[in-house]
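Residue-level structural notes
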Amino acid sequence: MDQEQLSAGLSARFPGKILGVDTFPGTNGRVRFDATVASDLFRSLRDDFHFTHLTMVGATDWIDHREVFYVLWSDADRRYLILSTDLPAESPVIASAVPIWPSANAHEREAWDLVGVKFEGHPDLRRIFMPEGYAYHPLLRSFKIHEPEDLEVKVRSD
Amino acid sequence: MSGQAPETSKPLPRTTPDSTPAGDLPLAVVGQPGVPFVEIETLRAREFIPAAKEALSSLLKEQAQGKLIRPVFNWAGRNSLFPLHWGLACCAIEFAAAFGARWDAERFGVVPRSSPRQCDLLIVNGTVTWKVAHKLIALYEQMPEPKWAIAMGNCATGGGPFRTAYSVVPGVDKLIPVDVYIAGCPPRPENMLDGILRLEQLIKERGE
Ligand code: SF4
């Protein structure tokens, strides 16, 4: 299945929810979609379009909105597909991909920990790099690096 | 030991090489006629035990009068430090190398153990992140007193190349008391041995 067939098939299944397709050489392109259909789109991509493997989930803070992207791999086509969606900065919430691709688990925890995107339906959305109880999402652009001298250290040992 | 061990009551035949001043302990003159190797060993062990007994009983006598045993414990403790075998980052490779055959830190009586409850020295050999900070404190608190800590490498000393990173503790002295800092990224095993010797000096000076 090439890129045209794929984007046509997706647009037919999710009318008005596929916001655009960008071309990337060597892949099936980047599909921008509306976050409200995330769960159904993931399921359809896995079951109908044979994207059986989720390679990675990432997130970016663009200040006025946050972008979440997914990289999928199809064994049938031997092609990658990139999904991307924009979330409002005030409430960055999207459905979790873990029920469809279990490999999303750690990636979504990372995106939550560092960029603060909330994945609804994730079985275990804890921080992954920062300690539990840390107050910030440090890859947000609003995060200020503190000078080590100003740091007030309070650590519980338990 | 051989079957023909000499009897205890008789003094053992001593063969003193010409160069040895009379009265000194005989050197291990292996192969000299009349002094097989085993008997030399027996002789030395036999002379050592009464001497040690005598020294110990005089120590205990003095201890009854006060204050001698503390320096002895200090001497014994500082010459046999037990660091925790806990590798954190790249510095742990140098830490491991120092205990290998080439640098052989065990020459100085330093033997790493795997449980904090058997250790009296915490060598923080790598980058400490906030995620692992409370584990570090827990390990330190599990070590029995008296205990010491060495910050090995720039990361443990002050955060190193990751000083302003959001995830890295800028110096473990924010978490635990540190006795000796070793600079370097990573410090060579020689530097680490130097740090351990300096810690021994420090323990001696403090008289803990
Ligand atoms: S001081 Fe250098 S070698 Fe040591 S842990 Fe830090 S980065 Fe690695």
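Here we summarise the structure given alongside this text.

Cut-offs applied
- Residues numbered from 1 in each chain as written.
- Chains lettered and ligands numbered in written order.
- Predicted model: local features only at pLDDT ≥ 70, side-chain atom pairs only at ≥ 80, totals over all residues.
- Heavy atoms only, no water.
- Helix = DSSP H or I, 4+ residues; strand = E, 2+ residues; numbered from the N terminus.
- Buried < 20%, exposed > 50% of the residue type's maximum accessible area, 1.4 Å probe, protein only.
- Contact = heavy atoms within 4.5 Å.
- Areas by Shrake-Rupley, 256 points an atom, 1.4 Å probe, with all protein chains shown as cover.
- Salt bridge = Lys/Arg side-chain N within 4 Å of Asp/Glu carboxyl O.
- Pairing = 2+ DSSP bridges.
- Axes fitted to C-alpha atoms, helices over the stretch in contact; angles between N-to-C directions.
- Near = heavy atom within 4 Å.
- Nonpolar A, V, L, I, M, F, W, Y, C, P; charged D, E, K, R; others polar.

**Regarding the overall build of chain B**
Of the regular secondary structure elements, chain B holds 6 helices and 3 strands. Helices and strands appear in chain B in the N-to-C order α-α-α-β-α-β-α-β-α. Evaluated residue by residue, chain B yields a buried proportion of 37% over its 208 residues. Across chain B, every contact between residues at least 6 apart in sequence was considered, and the portion connecting residues at least 24 apart equals 72%. Summed over its atoms, the accessible surface of chain B is roughly 12,000 Å², and 57% of this surface lies on carbon and sulfur atoms.

**Points about the pattern of salt bridges**
Applying the stated criterion to the full structure yields 10 salt bridges over all chains. Via salt bridges that share partners, Asp22, Arg30, Arg32 and Glu67 of chain A belong to a single interconnected network.

**As for unusual backbone geometry**
What is expected of a backbone is that most residues other than glycine have negative phi and most peptide bonds are trans. Residues and elements named next belong to chain B. Following Glu145, the chain continues into Pro146 via a peptide bond in cis, with omega recorded as -5 degrees. Here Pro146 is to be found in the loop between helix 4 (130-142) and strand 2 (148-152). Here Cys185 and Pro186 are connected by a cis peptide whose omega angle stands at -10 degrees. Among the structural elements, Pro186 can be located in the loop between strand 3 (180-182) and helix 6 (189-206).

**Concerning the sheet that holds strand 3 of chain B**
Residues and elements named next belong to chain B. Taken in spatial order, the 3 strands of this open sheet run 1-2-3, and their pairing is parallel. The sheet is open, and its two borders are formed by strand 1 (121-124) and strand 3, each paired with just one other strand. Neighbour to neighbour, the strand axes of the sheet diverge by 15 degrees on average, direction disregarded. Relative to strand 2, strand 1 runs parallel, the two sharing 4 bridges. Bridge pairing in strand 2 places Val124 opposite Ala151.

**Some thoughts on the site of the ligand**
All names here are of chain B. Around the ligand sit Ala89, Cys90, Cys91, Gly126, Thr127, Gly153, Asn154, Cys155, Gly184, Cys185 and Pro186, and that is every residue in its neighbourhood. Here the shell around the ligand gets 3 residues from one element, more than from any other, and that element is helix 5 (residues 153-158). Classifying every residue of the shell around the ligand by side-chain character gives 6 nonpolar, 5 polar and no charged.

**Some thoughts on the pairing of strand 4 (residues 65-74) of chain A**
All names here are of chain A. For strand 4, the tally of buried residues reaches 8 of 10 residues, placing the bulk of the element in the interior. Direction of pairing for strand 3 (residues 53-61) relative to strand 4: antiparallel, over a ladder of 8 bridges. Pairing of Ala59 across the sheet is with Val68, part of strand 4. If you look at the hairpin formed by strand 3 and strand 4, you'll find 3 residues sitting between the two strands, and Ile63 has a positive phi there, around 65 degrees. When strand 4 meets strand 5 (residues 79-88), the two strands line up antiparallel, connected through 10 bridges. Within strand 5, the residue paired with Arg66 across the bridge is Leu87.

No statement about biological role is implied by the geometric values presented.
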